[in-house]
Amino acid sequence: MSLQVARGERLAVIGPNGAGKTTLFNLLCGELRPSGGMIRIQGRDVTREDAVARARRGLSRSFQQNTLFDEVRVRDNLALAVLARRRRSWVFWRDPARDPDIAREVEDLAHRLALAEVLDQPVGTLAYGTRRQLEIALALAREPEVLMLDEPTAGMSPEETRAILALVKQLPESMTVVLIEHDLDLVFEFARRVVVLDYGRVVFDGTPEEARRSPVVREIYMGSEA
Amino acid sequence: MLRLFDPLRTLLALLLLLAGLWWARTGDYFGREILAEMAVFAIAAMGLDLLAGFPRLVSMGHGLFVGIGAYGYAVATALWGWSWPAAILLALALSALAGLLVGLATVRARDVFYIMATLAFGQMGYVWVVRSAELGGDDGLAGVPRPELAALGLDLGDSATFATLLVLLAAAVYLLLGRLLASGFGRTLVAIGQNERRVRALGIAPGPYRVAATTVSGTVAGFAGVLAAMHSMYVSPELFHWTWSGEVLTMAILGGVGSLVGPALGAAAVVWLKYAVSGWTEYWGLFLGLFLILAVWTGGQGLYGYLERLRAWLLRTLTRQEEADARGDRTGQTLRRSHRHRPGVAAGGEG
Amino acid sequence: MTAAYWLTQLLNALQYSMLLFVLSVGLTVVFGLMNFVNLAHGTFYALGAFIGWSLLRATGSFWLALVGAPLLVAAIAAVLYGAMIARMQRAGHLAQVLATLGLVFMGVEVMRIIWGDFALDFAAPPLLQGHVQLFGLVYPAYRLFVIALGLLAMVALWLLLERTALGAMVRAAVDHADMAAALGVRVDRLFFGMFCFGCALAALAGVVAAPIFSVYPGMGIEILIPTLIVVVVGGLGSLKGAVAGSLLVGFVDTFGQVLLPQLAGIVVYALLALTLLLRPQGLFPARA
Amino acid sequence: MRKRYLAVATAALLAGTTAVAAREYKVGLLLPYSGVYAALGKEIQAGFELGLEHYAAELGEDTIRLLPEDTEVKPAVGLTKAKKLVLQDKVDVLAGLVSSGVLAAVRDFVDGAKVPLVVANAGNIHATGKQCSRYIIRVSFSNAQITRPMGRYMAERGLKTVVAMAPDYAAGRQDVEAMRGAFEAAGGKVLKEIYTPFRKTKDFGPYLTEAQATGAEALFVFYAGGEAISFMKQYASFGLKDKLPLYAAGFLTSQLYRNAIGEAALGSINSLHYVTTLDNPENARFQQAFQQKYGRVASEFAVQGYDAARLIVAALAASKGDKEKFVDAARTTTFASPRGPWRIDPATNNIVQNIYVYQIVQGPDGRLVEKVLKVYENEQDPPNGCQLAG
């Protein structure tokens, strides 16, 4: 398959279960090594780079299943992500999380994702929806150039889903956002481009309106949903 | 991180320190000897906790660093006649180097493989020292001096002074490691232990942190080795042996890893137990094994975990009312916190 | 050095390898199947030797001890499984390592209490006490028996795992325990059976080793580390790994002693360190 | 279960005469009761207790209280226990020590504290050589003392070439070196010294194969304890008895585990400071009492404990508890022991004693017994750098 994503694009990847959406994410983020082919970011070949290097190139992701630091507070989770971006993880003596700059950024982030109330709670005690929000917050905290969200609203209530939609809509225009999502309402409202995967192949690539009308999409995707 | 900012931890550390200082003043001779041994083991176990409790690297070869520290000091003083500060520096440098090398060599190993790899490095060190005639081989090296501090009016030959010094040093190591763990570096270590995948996704390569943590942990263990050499005024290859490493790990686990103060408590408890039990039976390993199994069975959070549960129970009983109407307040947090899994050993052990 | 010399050393290496194989295969299968790390495996080895010794003394028959001790040890393993192993299965490797380390400490003391501190004699059966002349070299008959037994165990286990329905179930459970359970395999029973079987094999190794090494409480701890090295070098959970690992460790150790006497005892650890550096999963891991 | 405090009553007390002025001496016994040498520790203590039973009456109305401590064969533990015994329990004498490592660990402390220490096993030559101390008196043996005569004996038998095997640690090397010195001084040649990893070697097969390949006329070994049992059986199973006759430090076939070795020991030639069948009245009395009390034949380790107890009683009687006088008395006391006459060498504080070269043969009742081939009388170590003699 071949896929090109432009800067600032709002792309949704959809497809039935097992279509290879998460595999595509893992390949793009460097968690899986492709058996062939090439992956480029801003024209540079990154096929051989691992997840760490690609994250440093500005690729940031959320996971389909919550991948959080469960035994520490929300505040510590966010602080860690901020420290990682600011390259403050090699401080041995002081606690950089007490740095007012960083503390403020953590608070801001928490406000944007409605986490301010629970900042001092351990992640393990949070409700599922709240954890989902933290999952996105961690990906955002890196201030990425490309943000990749793997089913961010899975298991969330309709209100929570609206909140997430509102959030991603506010993201700066320069940020590229790639989304895997099952909630088609959300997809059509958010995306400017829709890619449909089936059995690891791109079977459709176009605007949401085209997707809505496409018989291919109707058959293999919505058909299975109905 | 949570546990590090816990007042219970600070309280317990203070209590241990005061008990140690009091015992050093009032205990009998044998008691002071045991106290010094407790302090040495506490330092080694706290150093191990930096690896086992936070990035969750369970080392079964910490004896290697303890041994290198002890032999470094012993050889420099007893064989080469160096002054004690130079000897300590050499010992620390050597154990740091060993930590760095082991860290680099095990950077890809996880889980059981990490345990095996550290076990192997420790045993290599053991075999090498036992075979090395210049280091006294199986018989070890005698004639290791204690530092000369007469200028400060201190006589380290006096067991009370020596035990007091060791207790204070253990407290200093505790503060130092606590500070380190609360730093950006320490936070990253905790994160690596909890979710390595996310750490990578955040653009942090865990490898260098693991290596750095092993280096620091090795240096702390090496310092424990230096103190062990001063304490016994003698070094022997048994420090390198894997059963010694296993004993330190046992202390850390019994005390409760991931809390820094737990391993110190565990060291004190196991050393005390060893002498108490060996007083009336030669089969003291039976009890050590039994306690180890019980510790794992009851959730792997060790003595410190019991204290946390005790506190939770007390708070629950005392503040049942408030908890009902204020779910988000401090008390509620503390309560819920203590029900979670710890950076303990038995993920799922509690069911 | 003559050809006979090298041939003898070859047999020595092979004999040690076979012993390591019988010992490590149980450990690795239990690991592969149940994802359970059992540091007390060496304790079952020692227990097998001690129980075998008592059986030999009571009945005078080596062969009875060879069969009886593994059965009795399997019974002990069954009790332990019910008492603690079953509930430790999902507890994570660290907890397993520590709990079984506790068993190691306790096991040594229990054996000291029952059988004492003295090393005990364990006579080889009269049939195998002498030595055999072959191709101009003299070799102990008993050691040839150990080699033959090891090869036999290898073939039998291969047939069991590759050619029987039980083996298919075991392999399925190693690869996908959940899937196997869904297909109607009683995974818990399989675990129980394999754990007891693995411990019985360790006990068998204990009885087999006893006439060569004698019997003493620390023997389990001493053999544990080479066994772990075999399992890790070979790769956890696979029969192929156990074969490769035990041959590698047996030969490296034996020829290391002969060719590099100044490094004797270290080369095996170096082998382990090297394996972990180059292939952190071992040579033939059951699961990639 | 070990008795922690074992009060040994003197004959006077047993007879019921309560003595008001009687004094109780404390003897700290540092022995391994757990770990690899636990069996040796128990054997030495058995001998020691028998020695007190036989000789404590020499103290008149005074009594001895025994304070055993477990060294666990760990030097650091041994040192802690030694300090406890001296500084807290205030013992008059220390005794015991099986492992040379533990002895090395306590050496400086004992020397500094000026407490007499009667060594009942540990054989490192340096303990009565360059690291000797006025306060450390050895009634057991030194490693070199046992094997030096064996080197001479092998040469006297006409052997020209020998290959040596021993565990790779201090005692193993000292044993081989002493044998080699004596053997080569008498014109023999040690073709190869094979050192097997200490306590880690279970399979001697590869080494035995190598020893055989040297083409030497005989094999000299030093092995003890569990290693001795494995070694002997493997040596026999390789069919080497005819091709490579065995000469050894007698610990190889010690009475303590001779039953475990069985017939494999038959024919081997050993050198040791004690033989269970020695024909002298002290040995007859000792063996008879020991066998009656413990139900087994006493080994050389039991004799070491027995003689240590007797020396301590004699020196206590002479010194009345004064530590300097105790040392003076202990250094000059001599008596006939089950192992024959011995004395303490004032130059090194090491024992001077007979070394017996014997062969294991089948006795008339089918049991394995020692047949003494030669006695090297009053074997004495050179000072080895010890400066005790003025």
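Below, the structure is looked at part by part. The shown structure was predicted, so the numbers you read here are calculated from the model rather than taken from an experiment.

## Focus: the overall build of chain A
Counting secondary structure elements, chain A contains nine helices and eight strands. A globule of 226 residues ought to have a C-alpha radius of gyration of about 17 Å, and chain A, at 18 Å, matches this closely. Along the three orthogonal principal directions, the C-alpha set of chain A runs to about 60 × 40 × 30 Å. In chain A, which comprises 226 residues, the share counted as buried stands at 54%. Intrachain contacts of chain A at a sequence separation of at least 6 include 65% that bridge at least 24 residues. If you sum the accessible surface of chain A, you get close to 10500 Å²; carbon and sulfur atoms cover 47% of it. Taking the 32 positively charged and 34 negatively charged side chains of chain A as two groups, their mean positions are separated by 6 Å.

## Some words on the pattern of salt bridges
Residues and elements named next belong to chain A. Taken as a whole, this structure holds 55 salt bridges over all chains when the rule is applied. Here Lys169 ties to Glu189 by a salt bridge, and the two come within 3.2 Å at their closest N and O atoms. You can see Lys169 sitting in helix 6 (residues 158–170) and its partner Glu189 sitting in helix 7 (residues 184–190), a full 20 residues away along the chain. The partly exposed category is assigned to Lys169, whose relative accessible area is 45%.

## Looking at the pairing of strand 7 (residues 193–198) of chain A
All names here are of chain A. Taking burial as the measure, the six residues of strand 7 include six buried ones, the bulk of the element. Side chains of strand 7 alternate between two faces, with Arg193, Val195 and Leu197 and Val194, Val196 and Asp198 buried alike. By the bridge criterion, four bridges tie strand 1 (residues 10–14) to strand 7 in an arrangement that is parallel. Bridging from a neighbouring strand, Ala12 pairs with Val194 of strand 7. Direction of pairing for strand 7 relative to strand 8 (residues 201–206): antiparallel, over a ladder of five bridges. Residue Val194 lies in a different strand from strand 8, and its bridge partner there is Gly206. Hairpin remark: strand 7 followed by strand 8, antiparallel, with two residues in the connecting loop; positive phi at Tyr199, about 45°.

## Re the packing of aromatic side chains
Using the criterion set out here, one finds 34 aromatic pairs over all chains in the structure. The interplanar angle of 15° and the centroid separation of 4.3 Å between the aromatic rings of A:Trp90 and B:Tyr209 together place this pair among those described as stacked. With A:Trp90 in the loop between helix 3 (74–86) and helix 4 (100–112) and B:Tyr209 in helix 9 (residues 206–232), this residue pair bridges two chains. For A:Trp90, a relative accessible area of 40% gives the class partly exposed. Every member of this aromatic cluster is reached through a ring pair, and the members are C:Phe36, C:Phe44, C:Tyr81, C:Phe192 and C:Phe195. When the ring centre of B:Trp297 is taken as reference, the NZ or CZ atom of C:Arg87 above it lies at 4.5 Å. A cation over an aromatic ring shows up here: D:Arg173 above the ring of D:Tyr195, its NZ or CZ 4.0 Å from the ring centre.

## Re the interface of chain B and chain D
Each partner contributes to the interface: chain B provides 28 residues, whereas chain D provides 31 residues. Of the roughly 2600 Å² buried between chain B and chain D on both sides combined, carbon and sulfur atoms contribute 50%. Contact with chain D buries surface across chain B, with B:Tyr29, B:Asp139 and B:Glu282 losing the most and accounting together for 24% of the total. In this structure, the connection of chain B to chain D is made through two salt bridges. Of the charged contacts, one joins B:Glu33 and D:Lys83 as a salt bridge, the two residues approaching to 3.8 Å between their closest N and O atoms. Connecting chain B to chain D are five residue pairs in polar contact (both at pLDDT 80 or more). Where the side of chain B that touches chain D is concerned, the elements lending two or more residues are helix 2 (29–52), helix 5 (111–131), helix 9 and helix 11 (261–278) of chain B. No other element matches the five residues that helix 2 of chain B contributes to the side of chain B that touches chain D. Taken together, the residues of the side of chain B that touches chain D sort by class into nine nonpolar, nine polar and 10 charged.

## Structural notes on the environment of D:Leu40
Residues and elements named next belong to chain D. As for its placement among the helices and strands, Leu40 is situated in helix 2 (residues 38–55). Taking relative accessible area as the criterion, Leu40 reaches 12% and is therefore assigned buried. Measuring from C-alpha to C-alpha, the distance between Leu40 and Asn121 comes to 9.1 Å, with 81 residues separating the pair along the chain.

## Points about the sheet that holds strand 4 (residues 59–61) of chain A
All names here are of chain A. Spatial ordering of the open sheet is given by 4-5-6-1-7-8, a layout of six strands whose pairing is mixed. Edge positions in the sheet fall to strand 4 and strand 8, since each of these pairs with one other strand and no more. For this sheet the average axis-to-axis angle between neighbouring strands, irrespective of direction, equals 20°. Across the face of the sheet, helix 5 (residues 128–141) comes into contact with strand 4 and strand 5 (146–150) while running at roughly 160° to strand 5.

## Here's the deal with the nonpolar core
Counting 418 residues, the largest nonpolar core has A:Leu78, D:Phe48, D:Met165, D:Leu219 and D:Phe231 as the members making the most contacts within it. Residue contributions to this core reach at least three from each of two domains, namely domain 1 (19–141 + 278–353) and domain 2 (144–272) of chain D.

## Considering the interface of chain B and chain A
Listed per partner, the contact involves 36 residues of chain B and 42 residues of chain A. Between chain B and chain A the total buried area reaches about 3400 Å² when both faces are included, carbon and sulfur atoms providing 60% of it. Note that A:Glu135 and B:Arg198 form a salt bridge whose closest N and O atoms lie 2.4 Å from each other. Elements supplying a minimum of two residues to the side of chain B that touches chain A: helix 6 (159–181), helix 7 (184–194), helix 8 (196–201), helix 9 and helix 15 (330–337) of chain B. In terms of residue count, helix 7 of chain B provides more of the side of chain B that touches chain A than any other element does, seven residues in total. Split by residue class, the side of chain B that touches chain A holds 18 nonpolar, eight polar and 10 charged.

Conventions adopted
- Residues numbered from 1 in each chain as written.
- Chains lettered and ligands numbered in written order.
- Predicted model: local features only at pLDDT ≥ 70, side-chain atom pairs only at ≥ 80, totals over all residues.
- Heavy atoms only, no water.
- Helix = DSSP H or I, 4+ residues; strand = E, 2+ residues; numbered from the N terminus.
- Rg over C-alpha atoms; globule rule 2.2 N^0.38 Å.
- Buried < 20%, exposed > 50% of the residue type's maximum accessible area, 1.4 Å probe, protein only.
- Contact = heavy atoms within 4.5 Å.
- Areas by Shrake-Rupley, 256 points an atom, 1.4 Å probe, with all protein chains shown as cover.
- Lys, Arg positive; Asp, Glu negative; His and termini not counted.
- Charge placed at Lys NZ, Arg CZ, Asp CG, Glu CD.
- Salt bridge = Lys/Arg side-chain N within 4 Å of Asp/Glu carboxyl O.
- Pairing = 2+ DSSP bridges.
- Phe/Tyr/Trp six-rings, centres within 6.5 Å; stacked < 30°, edge-to-face > 60°.
- Lys NZ or Arg CZ within 6 Å of the ring centre and 35° of its normal.
- Buried area = accessible area lost by both parts, 1.4 Å probe.
- Polar contact = N/O pair within 3.5 Å; in protein donor to acceptor, adjacent residues only side chain to side chain.
- Nonpolar A, V, L, I, M, F, W, Y, C, P; charged D, E, K, R; others polar.
- Axes fitted to C-alpha atoms, helices over the stretch in contact; angles between N-to-C directions.
- Core = buried A, V, L, I, M, F, W, Y, C linked by side-chain atoms within 4.5 Å.
- Domains from an automatic or database assignment.

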